[in-house]
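Survey of secondary and tertiary structure
Listed here are the chains, written in short residue letters.
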Amino acid sequence: MSLRSGGRQLSFELLARDLTADDADDDSPRSLPDTTSDGQRRRRRRSKRKRGFRSPPIDEAASEGEQPRGDGIGDAVAAFRVTDLRSTTETVCESSEADRSAASCVTYVEVELRQRSVCGGGRVLAASTEDGTSSCGSSTRESAAAAAAVADVAAASWRPETNGGVKKKLEKEESLDWEKYMKENSNILGEVERLDNSPFRYFLGELYGGNSLRSTIAVGNEKKRQRVYNTMFHVPWRCERLIVAGFFVCLDSFLSLLTIMPARIVVTIWRVLKTRKFLRPNAADLSDYGCFIVLALGVASLQMIDISLIYHVIRGQGTIKLYVVYNVLEIFDKLCQSFGEDVLQVLFNSAEGLSSCSTDNVTFELMRFLLDEAIAVLAFVVHSFVLLAQAITLSTCIIAHNNALLALLVSNNFAEIKSNVFKRVSKENLHNLVYYDIIERFHITAFLVFVLAQNILEAEGPWFDSFLINASLVFLCEVLIDAIKHSFLAKFNEIKPVAYSEFLEDLCKQILNDKPDDRQKDLTFIPLAPACVVIRVLTPILVGLILRCLANWYVNLRLKRKQHVD
C-alpha cells in the first residue's frame, strides 16, 4: 500500500519510537512484536489515550523528511502526541507461525502526530497522515528491527518522571560553607583580576572605571530645577516683600498710637468742655481712653527705672550670659505679645458692654471695665520692661569692643533657624510665623532707635560711624536669617512661593478693611509696649532739645536788648 503524508514522510523509525515510549510508560516493559490478543491491545491503547501527555503545544519542524536526532544518553528523547484523532484502524496480519512474532501491521487513518521535546534537547518534527497506511511481509521485519534499536536508546535516556511516573529521589546535599565557597570563587562579586598590579594601571582603572558623583546621584528634572530656583530666588524675594509691607503696617499703627489717638482724645474733651454736656462715651472713645491710660502708666513706670544701672549689670556678664539673657528676654517678649492680645480683646469687650448697657447694669459694667483696665496696665508694664531690658542688652553688645555683638547675632539667629526649619509646618502656621517675623523686625528697629538715643545722650567722641556699621550689621543679619529660614521651611514642607503672595493679599485686604468678618488671618500688632520704650528713651532727648532751643532763644534775645541799650 502506498503512504500519503501530505508533503511529510512518516517513517517507521518514528512510529517505532512512539511505541517504545508507550511501552516505557507501563510498569513492566514489553517488546514490540507482542503476540497478545487484540482485546488486551485495545484496552492498553484506550487507557493510554485517557491518560494522555499534558504538555504545552510545540512548533512544527520546517523541513520535509527531517528526523529527530539523539547524540547520546544526555540528549532529549522525542515523543509523539496524538492531537487530532479522527479514526483509528488497527489491522493485524498473520502469515505463518514463523513470522507471527514480527508480522504486526498497524494502520493509522487520518492521524496527526507531533513531536515534543521532553528534556529540551531534541528537534521538533511534525508528521501528519491523511490516509491509512499498511505494511506486511518484509517491511514489517525491517520496522521491527528499527524499533528495537530505537527502544534501546530510549530506554537508556528516558526517565519515568517526565510522563508522571515515579519521581527520582534527590540526593541530600551537604551544607554550604560560605568561607570555603568564597575562597574557591574569589571573583564571585564581579571583581576583575588584574595581572598587572602596577600603580599606573591602578590609576588608569580608577580614572576610567572608578566611582563618580553621577553614578551615586540621580539626574534631576524640571521640577527639581524649579525647586532650586524657588529656594534661592522666589521665596526670599516674596517673603522679604511681605515683611517690608508688614513693617510699614506696624509703623502706621505705631504712629497712629502716638498721634491719632491723642488727637481724638483731645477733640472729645474739647467737645465736652464746649457743650458742657457729659454724654455716655461710645465703645471707640472708651477704648481710646483705656489705651491712653495704659500708655501713660507704662511710660511713668519706665521713668522710675535707672537705665544706667541695668546697663552696667548686663555689661558685667560674659558673652555666653549675654546670649542666654537675650534669648530669655525674646521668649518672654513672644509670651507677652500673645497674652497682651487677649487682654486688649477683653478690654474692648468691656468697653462695648459699658457703652451699650442699661442704667441698672452701669455699676457692674463699670467695675468690670476697671478690672480689665488694671489687668491691661499690669500686662503691658511687664511687657515694656522686657523690651527695655532687651534693648539695653543689644546696646551693650553694640558698644562693646570684644565682638560680643557678632557672637550674639550668630548664636541667636542660628538657634532660631534650628528651632524652626526642621519642624513640620502647615500653611497656616507659616502665616503666623511670617507675622511674628514682621513684629520682630519692628522691635529690632525700635531697639536701634533706643541705642541711637543713648549714644546721643551719653557717647563722647566720634561714635556715629561705628553705630551705623553695627546697626547695618544687625539689620542685614536679620534679613538674611529670615530669608534662609523661610526658604528651607518652604522647601521641606513643599510650600510654593505663591503662598507668600496670598499672605500679602490678605494683608492688603486688612489695610483696606475689605474683610471685617474674618479677623483670624490679620496681622495683630500691639504698639503699646514699644511706644512706652521709645517714649521713655526719647523723652530726655526731646526735653533737652526743647530746653536748648529755649536757652538759645533767650540768649539771643538778651544780646539784642544789650545791643539796643548800648
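Since this is a predicted model, take the numbers as computed values, not measurements.

Let's shift gears to the overall build of the protein. Counting its secondary structure elements, the protein contains 16 helices and 3 strands. Burial statistics for the protein: of 566 residues in total, 35% are counted as buried. A separation of at least 24 residues holds for 82% of the contacts in the protein among residues at least 6 apart in sequence. As displayed, the protein has an accessible area near 36,200 Å², and 59% of this comes from carbon and sulfur atoms.

Below, the discussion takes up the UniProt feature "transmembrane region" (unreviewed entry) in the protein. Those residues carrying the UniProt feature "transmembrane region" (unreviewed entry) are residues 242–272, 292–314, 374–392 and 525–547 in this numbering. Note that residues 242–272 is 100% helix and 0% strand, and that its end C-alpha atoms are spaced 43 Å apart. Counting secondary structure, residues 525–547 comes out at 87% helix and 0% strand; the distance between its end C-alpha atoms is 34 Å.

One can describe the packing of helix 7 (residues 222–275) onto helix 15 (residues 498–511) by two numbers: an axis separation of 9 Å at closest approach and a directional angle of 15 degrees. It follows from the interaxial angle that helix 7 and helix 15 lie roughly parallel. With respect to the hand of their crossing, helix 7 and helix 15 are arranged in left-handed fashion. Where helix 7 approaches helix 15, its residues Val235, Arg238, Cys239, Arg241, Leu242, Ala245, Gly246 and Val249 are matched on the opposing element by Val498, Tyr500, Ser501, Phe503, Leu504, Leu507 and Ile511.

Our next topic: the pattern of salt bridges. For the coordinates displayed, the defined rule picks out 10 salt bridges. Close ionic contact of glutamate 416 with lysine 485 constitutes a salt bridge, the shortest N to O distance being 2.6 Å. Of this pair, glutamate 416 sits in helix 12 (residues 404–421) while lysine 485 is found in helix 14 (residues 464–492), placing the two residues 69 residues apart along the sequence. When sorted by exposure, glutamate 416 lands in the same class as lysine 485, which is buried. With its nearest N and O atoms 2.9 Å apart, the salt bridge here joins lysine 485 to aspartate 437. Placement of lysine 485 in helix 14 and of aspartate 437 in helix 13 (residues 427–458) is noted, with a sequence separation of 48 residues between them. The residues lysine 485 and aspartate 437 share a single accessibility class, namely buried.

About the thresholds
Residues numbered from 1 in each chain as written. Predicted model: local features only at pLDDT ≥ 70, side-chain atom pairs only at ≥ 80, totals over all residues. Heavy atoms only, no water. Helix = DSSP H or I, 4+ residues; strand = E, 2+ residues; numbered from the N terminus. Buried < 20%, exposed > 50% of the residue type's maximum accessible area, 1.4 Å probe, protein only. Contact = heavy atoms within 4.5 Å. Areas by Shrake-Rupley, 256 points an atom, 1.4 Å probe, with all protein chains shown as cover. UniProt positions renumbered as here; feature names shortened; annotations may be inferred. Axes fitted to C-alpha atoms, helices over the stretch in contact; angles between N-to-C directions. Parallel < 35°, antiparallel > 145°, perpendicular 65-115°, else oblique. Left-handed = near helix turned anticlockwise from the far one by under 90°. Salt bridge = Lys/Arg side-chain N within 4 Å of Asp/Glu carboxyl O.

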